[in-house]
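Residue-level structural notes
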Amino acid sequence: MLNIFACILLTIGTVQADNPEQPQGADILIIRTFSPSDNAIRRFERIIDSNTDRYVILSVNVHESSAAMLESGAMNKTTLALANAEEANLKISKIFGNRVFFYSDEDMLREFPTLASVPKFHMGGIGLDSHAYFLHEEAISLALKQFEERTKISTRNKGVWVLEDDVEYTGDWKALFDKYSRGADLISTKFGDGYDIKDEIWKDYMSDYFRSSFISDGRFVSKHQEHVVYYSPKFRAAIDLELHKGAHAQSEMFTATLCRHIQCTQKGIDYDDIDSEFYINSKHKFTQEQMLAHAKEEFNAGHHVLLHPVKY
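Described in the following lines is the structure provided in the data block. (Residues numbered from 1 in each chain as written. Predicted model: local features only at pLDDT ≥ 70, side-chain atom pairs only at ≥ 80, totals over all residues. Heavy atoms only, no water.)

Bringing the pattern of salt bridges into the picture now. A side chain with one charge may pair with a side chain of the opposite charge, provided their charged atoms come close. Counted under the stated rule, the structure contains 22 salt bridges. Between K179 and D273 there is a salt bridge; the shortest N-O distance is 2.8 Å. With K179 in helix α7 (residues 173–180) and D273 in the loop between β10 (266–268) and β11 (274–279), the pair connects residues that are 94 residues apart, well separated along the chain. The partner of R219 in a salt bridge is D196, with the nearest N and O atoms 2.2 Å apart. Residue R219 is found in the loop between α8 (208–214) and β9 (220–231), and its partner D196 is found in strand β8 (residues 186–196); the two are separated by 23 residues along the sequence. When its relative accessible area of 37% is taken as the criterion, R219 is described as partly exposed. (Salt bridge = Lys/Arg side-chain N within 4 Å of Asp/Glu carboxyl O. Helix = DSSP H or I, 4+ residues; strand = E, 2+ residues; numbered from the N terminus. Buried < 20%, exposed > 50% of the residue type's maximum accessible area, 1.4 Å probe, protein only.)

Have a look at this one:
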């Protein structure tokens, strides 16, 4: 009997590419997701519908151990999370077809063998160890490579937007992306310098090459938030080059520090486009009922702002 992951692959193989034809210079928009909710899926549909002039794809993290763990019959938080993820993956494969690209830690390691020297992070919530949890740049590079292989379209001269699946925007997504596209090499939120590596929880989750090449005085790094990020073609090429040379670190630290090191141009998303109270890293400040109610209020009031995290 085929497991769900195999069924997903068969489903994708039989769906015709549904990306509309875009102009040669069209940006790529990657939505990174794991086990999306039905509300998240509807948000993906809204984003796709409003961005017909961009290549919109979904990059989905999967775990190669899922089938064996689920077939074992064990019932715990890990198998429950994996079962929910596989159900969601089958659903998004049927809805989005060839827009969906899957990757695993093993795929990342095959593409970047130097990753073997970096410890995995234990995700206590679902009881799994993972590289993908904190090394997003490797996953983005994989998604772009998969896109090229499937579509035969080069990504070399394309700007790349990356959106995490728990971000909401109460306006028109296309208008937001259009406002900032091609505006700098790196566009994001809360870019800052001078973070002491000894105070960072990610200090032990990086490669020696990254530490020796990019951390000034062996101590200080830059950081930003990457819930919504734009990368210029030039900066994506620089990231990919360093990844293949063995630079690996928590992604918000990696890209900000590399950008500062090579003197790329950086721009922040305007404060007017962010709900300062409801755009945070902590998922414990507000309940999801409060987040949903606030999103509806902002939408009805005509306030176009980013919210994070939305888990409803």
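So that's the structure; there's more coming.
Assignment of secondary structure puts Q225 in strand β9. Classification of Q225 as buried rests on a relative accessible area of 7%. Along the sequence, Q225 and K190 sit 35 residues apart, while their C-alpha atoms lie 5.9 Å from each other. In this view, Q225 contacts S188, T189, K190, E252, Y279 and N281; residues no more than four positions away in its chain are not counted. (Contact = heavy atoms within 4.5 Å.)

Another point: the sheet that holds strand β3 (residues 100–103). Pairing is mixed in the open sheet, where seven strands are placed in the order β3-β2-β1-β6-β9-β8-β10. Looking at which strands have only one partner, the edges of the open sheet turn out to be β3 and β10. Pairwise comparison of adjacent strand axes, ignoring direction, gives a mean angle of 40° for this sheet. Pairing analysis gives five bridges linking strand β1 (residues 28–33) to strand β6 (residues 160–164), with the strands arranged parallel. The partner of I28 across the bridge, within β6, is V160. Sitting on the sheet, helix α4 (residues 77–96) touches β2 (55–61) and β3, and the angle it makes with β3 is about 150°. (Pairing = 2+ DSSP bridges. Axes fitted to C-alpha atoms, helices over the stretch in contact; angles between N-to-C directions.)

Turning our eyes to something else, we now look at helix α2 (residues 38–50). Since the α-helix turns once every 3.6 residues, residues separated by three or four places project in the same direction. Between its first and last C-alpha, α2 extends 19 Å over 13 residues, near the 18 Å set by a 1.5 Å rise per residue. Looking at α2, one finds that the buried residues are A40, I41, R43, F44, I47, I48 and S50. Here the buried face of α2 lies against β1, β2, α4, β6, β7 (168–169) and α7. (Expected span 1.5 Å × (residues − 1).)

Okay, unusual backbone geometry next. Here the residue pair H308 and P309 is connected by a cis peptide bond, since its omega of -5° sits within 30 degrees of zero. Tracing the sequence through the fold places P309 in the segment after β12 (306–308). The backbone of K190 shows a phi angle near 55°, a positive value even though the residue is not glycine. On the secondary structure map, K190 appears in strand β8. A relative accessible area of 60% places K190 in the exposed class.

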